[in-house]
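This is what each chain is made of:
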Amino acid sequence: MNTKNKKKLLLENLYAQYQNCTACPLGFQDRKNIVFGYGNSNALIMFIGEGPGKDEDEQGKPFVGRSGKLLTKILEPVGIKREDVFITNVVKCRPPQNRKPLSVESKTCKNLLLFKQINIIKPKIICTLGASALEALIEQPIKISQIRGTIIHHKTLTILPTYHPAYLLRNRKEIEKFISDMKKLKKLSL
Ligand code: URA
């Protein structure tokens, strides 16, 4: 079996193990689907967001709502195709009212799923979308406007943090900075 198929199988097994997960309080909300993540199991780039919203919960796929559509629209001209990357979130179940995941939720979910996904895929670079995804990985508070666009080496990970697309929907003037981060990301993945 080639590496790509092996990784795909490992991801499918991981998903099967947790598709009805109740390891943290989010498993007891009225979740429609766990949003495991989607994309190329052999991806060089892995995007990590905060947690699924309403559309994602309904469809079981990450970044399919308004912010996901903006993300896709920005990635295309930069030459990053969604089918080539892997996209997931720190928590796989929708927090009520789209609130920020609680620390117990992030901690549980990243240990059970996110770190295992990273270990399987072994992306060359991780792009975190928004402050809370980066904070979940490096376990310290950050200011996203100060750190975005800067490469961070943390343990074995190479991370390029940037804004969350939902923030760009509210702050259109920051889109240029996001585009420049995506160009950098593309270069780093080559
Ligand atoms: N926001 C996120 O952080 N993740 C999604 O999947 C959708 C919106």
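Here's what I pulled together on the structure shown here. (Residues numbered from 1 in each chain as written. Predicted model: local features only at pLDDT ≥ 70, side-chain atom pairs only at ≥ 80, totals over all residues. Heavy atoms only, no water.)

## Focus: the state of the cysteines
Reasoning step 1: The full count for this structure, using the stated rule, is 0 disulfides.
Reasoning step 2: Unpaired in this structure, C109 has its nearest cysteine sulfur neighbour in C24, at a distance of 6.3 Å.
Reasoning step 3: Looking at the unpaired C127, the closest cysteine sulfur is the one in C109, lying at 19 Å. (Disulfide = S-S within 2.5 Å.)

## A short note on unusual backbone geometry
Reasoning step 1: A positive phi is found at E139, a non-glycine position, where the angle reads about 55°.
Reasoning step 2: Tracing the backbone through its elements, the reader meets E139 in the loop between α5 (131-138) and α6 (144-147).
Reasoning step 3: Positive phi, close to 50°, is recorded for K155, a residue that is not glycine.
Reasoning step 4: Assignment of secondary structure puts K155 in the loop between β5 (152-154) and β6 (157-162). (Helix = DSSP H or I, 4+ residues; strand = E, 2+ residues; numbered from the N terminus.)

## Focus on the site of the ligand
Reasoning step 1: Near the ligand the following residues occur: G49, E50, G51, E56, P62, F63, S67, N89 and H164.
Reasoning step 2: The contact in question runs from a nitrogen atom of the ligand to an N or O atom on the backbone of G51, over 3.0 Å.
Reasoning step 3: Of the residues belonging to the shell around the ligand, the class tally is 2 nonpolar, 5 polar and 2 charged. (Near = heavy atom within 4 Å. Polar contact = N/O pair within 3.5 Å; in protein donor to acceptor, adjacent residues only side chain to side chain. Nonpolar A, V, L, I, M, F, W, Y, C, P; charged D, E, K, R; others polar.)

## A look at the environment of I147
Reasoning step 1: Position of I147 among the secondary structure elements: in helix α6.
Reasoning step 2: Sequence spacing of I147 and V85 is 62 residues, and the spatial spacing of their C-alpha atoms is 23 Å.
Reasoning step 3: The residues touching I147, leaving out its near neighbours within four places in the chain, are L134, I142, I152 and P161. (Contact = heavy atoms within 4.5 Å.)

## Quick notes on the pairing of β6
Reasoning step 1: Counted residue by residue, β6 has 5 buried out of 6 residues, so it is predominantly covered.
Reasoning step 2: Pairing geometry for strand β4 (residues 125-129) and β6, over 4 bridges, is parallel. When the sheet's bridge partners are listed, I126 is paired in β6 with I159.
Reasoning step 3: Where β5 lies against β6, 3 bridges are found, and the strand directions are antiparallel. Across the sheet, the residue bridging to H154 is L157, located in β6.
Reasoning step 4: The antiparallel hairpin formed by β5 and β6 contains 2 residues in its connecting segment, where K155 sits at a positive phi of about 50°. (Buried < 20%, exposed > 50% of the residue type's maximum accessible area, 1.4 Å probe, protein only. Pairing = 2+ DSSP bridges.)

## Digging into the side chain of E105
Reasoning step 1: By the element assignment, E105 lies in helix α4 (residues 103-121).
Reasoning step 2: Classification of E105 as buried rests on a relative accessible area of 0%.
Reasoning step 3: Non-local contacts of E105, meaning those with residues more than four positions away in its chain, are made with C24, P25, L26, V91 and R99.

## A closer look at the environment of M1
Reasoning step 1: Turning to its location among the elements, M1 is positioned in the segment before α1 (3-18).
Reasoning step 2: Along the sequence, M1 and T72 sit 71 residues apart, while their C-alpha atoms lie 32 Å from each other.
Reasoning step 3: Setting aside residues up to four positions removed in sequence, M1 forms contacts with K6 and L9.

## Some words on the packing of α1 against α4
Reasoning step 1: Viewed as axis vectors pointing N to C, α1 and α4 meet at an angle of 170°, and their least axial separation amounts to 10 Å. Comparing their axes, α4 and α1 come out roughly antiparallel. Of α4, the residues touching α1 (which contributes K7, L10, L11, L14 and Y18) are L112, L113, K116, Q117, I120 and I121.
Reasoning step 2: Considering only residue class, the contact of α1 with α4 consists of 8 nonpolar, 1 polar and 2 charged. (Axes fitted to C-alpha atoms, helices over the stretch in contact; angles between N-to-C directions. Parallel < 35°, antiparallel > 145°, perpendicular 65-115°, else oblique.)

## Here we look at the environment of N5
Reasoning step 1: Following the sequence through the fold, N5 ends up in helix α1.
Reasoning step 2: Separated by 37 residues in the primary sequence, N5 and N42 place their C-alpha atoms 8.6 Å from one another.

Keep in mind that these numbers describe shape and distance, not what the molecule does.
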